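Structure at a glance
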Amino acid sequence: MKLASVALSALAISLAAPALAQDAAPEEQAQTAYPHTAQGAADFVAAVEKDFAEFSVGNAQINWVNYTYITEDTDALAAASNAELTEKQVAYAIEAAKYADIAGLDADVKRKLDILRNGIVLPAPTTAGAAAELSTITTALSSQYGKGQGTLNGKPISGSDIEAEMGNLEHTPAEYAEMWASWHDNVGAPMKGDYAKMVGIANQGAEELGFDNVGAMWRSGYDMSPEEFTAMTERLWNELKPLYVELHTYVRTRLNQKYGDEVQATTGPIRADLLGNMWAQEWGNIYPLVAPQGAGDLGYDIGDLLAAKDKTPLDMVHYGEGFYSSLGMQPLPETFWQRSMFVKPADREVVCHASAWDIDNKDDIRIKMCTKVNADDFVTIHHELGHNYYQRAYKDQPFLYLNGANDGFHEAIGDFIALSITPQYLVDIGLLDKSKVPSADKDIGLLLRQAMDKVAFLPFGLLVDKWRWGVFDGSIVPDTYNQAWVDLKQDYQGIVPPVERPADAFDPGAKYHIPGNTPYTRYFLARILQFQFYKAACDQAGWKGPLHRCSFYGNKEVGAKLNAMLEMGSSKPWPEALEAFTGTEEMSAKPMLEYFAPLMQWLKEQNKGQTKGW
Ligand SMILES: [Zn+2]
């Protein structure tokens, strides 16, 4: 549900699914054994899939053990297995590129070659030493981020603590500014040289694979040209921007009321450090500052409801399974219950970030969570199980199609199910008394709370890769790295740094996904797709009320349609998968706008007399 856990579950999925593999005898590998003909390409792809299917199981087992039992030994085993996986991916991607232009390729073979070519986030070129140098740089960047510290009142503070403190409403504006500036200066600035070097190397690798640059390669995974993809994301943003501008204006007014003109003016951009998040990417932490009078409190808390009935983490997972079963999905396999990690073990170190796993690409699906009995984790369980049901639905696809329709789909499924945790759903499963369902006058609070995370995120979700696309295509150069980032933050988010940026600043480096080299547009897509899925399900269920109150719990017709999309995996262009469930091939922002329509109207009234935008 949270971005951090979202990123990690994506990692788990990619570790467990699409990868290339080879057996113990590398000399028998597909690389050179097949002629450069259509049939040769088909044989190559078949060999790769077989190899991958075998290797991926052991790799997933090793990673599972590492994540649920962290020791130096399991770290070493995982590092070795993952390095082997990367080598295979690189070797197969280079080989796949050589088959790409052969005439008469079977459509599936062509699609799989493209998937192989696209399967690496940062490709190293084949020149001697380049792979090692790239690996050294990316490891250094990622470890620099991991060790990063900021300061609070002059004292060092770790990354996870500073993130939490940015969301703590007890601090003064000076303290927020100190945390913001120290984090960006300490973590980001030292990475700039390495980052620039990395860009150069990876671009050479992308060119060898037949792409203009790494950014174009990233945008080639969406069944359209990179230019069309850029245009589509821009169109979606422009449809949603009016809603964001209203939210921005309203929040700015409330921040002005709280802090005064000196700190936050009533016009222009918002100071980046006042929004409860280091990157101003989700604003839910400051919801108490902006909550509408009288409508801010729903009158119940899911965690309290669960506690009142003595529910355990395991009970919560059963509730999650119950949602999917109500749609007609098969129960989770016995091994899910035996092998998942539901709570933090008392006696060992584990990675607590919630994630969903598919160990054997068949039925051995699992979740890994340090579940606590609270509302957040109740939602997260529904989200993580979405990944598992998706994985199981496409298990009969060929190996290279064991994935979401595009990388936004996997996250969107879980989030879409989580949107259905409405008060009525809680009544249906016996957690909430019918008389406690909040009345319609609480809707604005409910919607505003959602919007502070989901709507506020949109421009950030887009600009992270806008910046990288520019860096990789050379329109943003090292001298303008930081100014371009600051400009994008201002243009898209309407956000400005709280302090002057030094000449050597490298603010993008202070965001995990930049040194971590995780593509980011998937999160932007997922935010929009989840509402499109939700709207489709509610229409199929014949829902007549306001969209945000809809629950399709228990509707088997919705489940059957959903499954038709899920079982396709990535075997077809994503518009076809979208069409199978929603009836349209177009990504659209309209369902999200419809969901938030009552809030939009309310915000417009609140913003009367204010200067909108920045
Ligand atoms: Zn997820």
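Just so it is clear, the model here is predicted, and its values are computed rather than measured. (Residues numbered from 1 in each chain as written. Predicted model: local features only at pLDDT ≥ 70, side-chain atom pairs only at ≥ 80, totals over all residues. Heavy atoms only, no water.)

As a further point, take the pairing of strand 4 (residues 355-358). The alternating pattern of strand 4 places S355 and W357 and A356 and D358 on opposite faces, both of which are buried. Note: strand 4 against strand 5 (residues 365-368), four bridges, orientation antiparallel. In the sheet register, S355 faces strand 5, and the bridge partner there is K368. Joining the antiparallel neighbours strand 4 and strand 5 is a turn of six residues, in which N361 adopts a positive phi near 60 degrees. (Buried < 20%, exposed > 50% of the residue type's maximum accessible area, 1.4 Å probe, protein only. Helix = DSSP H or I, 4+ residues; strand = E, 2+ residues; numbered from the N terminus. Pairing = 2+ DSSP bridges.)

Here the structure, examined in full by the defined rule, presents 49 aromatic pairs. When the ring centre of Y401 is taken as origin, the NZ or CZ atom of K112, which lies over that ring, is 5.0 Å away. The ring of W64 is capped by R366, whose NZ or CZ atom sits 4.9 Å from the centre of that ring. (Phe/Tyr/Trp six-rings, centres within 6.5 Å; stacked < 30°, edge-to-face > 60°. Lys NZ or Arg CZ within 6 Å of the ring centre and 35° of its normal.)

Turning our eyes to something else, we now look at the environment of E585. Examined against the element boundaries, E585 turns out to sit in the loop between helix 23 (574-582) and helix 24 (590-595). Sequence separation between E585 and P575 is ten residues; the distance between their C-alpha atoms is 4.4 Å. If near-sequence neighbours (up to four positions away) are discounted, E585 is found in contact with W574, P575, E576, L578 and E579. (Contact = heavy atoms within 4.5 Å.)

Another point: the packing of helix 15 (residues 375-393) against helix 16 (residues 407-419). Closest axis-to-axis distance for the helix 15/helix 16 pair is 7 Å, and the angle between their directions is 135 degrees. Judged by the angle between their axes, helix 15 and helix 16 are oblique. For the element pair helix 15 and helix 16, the recorded crossing hand is right-handed. Residues V379, H382, H383, G386, H387, Y390 and Q391 of helix 15 pack against F409, H410, E411, I413, G414, D415, I417 and A418 of helix 16. Here the residues of the contact of helix 15 with helix 16 are counted per class, giving six nonpolar, seven polar and two charged. (Axes fitted to C-alpha atoms, helices over the stretch in contact; angles between N-to-C directions. Parallel < 35°, antiparallel > 145°, perpendicular 65-115°, else oblique. Left-handed = near helix turned anticlockwise from the far one by under 90°. Nonpolar A, V, L, I, M, F, W, Y, C, P; charged D, E, K, R; others polar.)

The full count for this structure, using the stated rule, is 25 salt bridges. Taking the shortest distance from any N to any O, the salt bridge between R522 and D407 comes out at 3.3 Å. On the criterion of sequence distance, the pair formed by R522 in helix 21 (residues 521-540) and D407 in helix 16 is long-range, its members being 115 residues apart. Note on R522: relative accessible area 15%, which makes it buried. The exposure class assigned to D407 is partly exposed, which follows from its relative accessible area of 28%. (Salt bridge = Lys/Arg side-chain N within 4 Å of Asp/Glu carboxyl O.)

Let us look at the confidence of the model for the protein. Within the protein, residue pLDDT values average 91, and 94% of them lie at 70 or more. Here residues 1-31 is modelled with pLDDT under 50, and outside its nearest four sequence neighbours on either side it reaches 98 contacts, counting other chains as well. (pLDDT = per-residue confidence, 0-100.)

Attention shifts here to the state of the cysteines. The tally for this structure, following the rule as stated, stands at two disulfides. Covalently, C352 is tied to C370 through a disulfide, its sulfur atoms 2.0 Å apart. Between C352 and C370, the S-S dihedral sits near -85 degrees, and the bridge is therefore left-handed. Of the two residues, C352 is situated in the loop between helix 14 (334-339) and strand 4 and C370 in the loop between strand 5 and helix 15; the sequence distance between them amounts to 18 residues. You can call C352 partly exposed: its relative accessible area is 30%. (Disulfide = S-S within 2.5 Å.)

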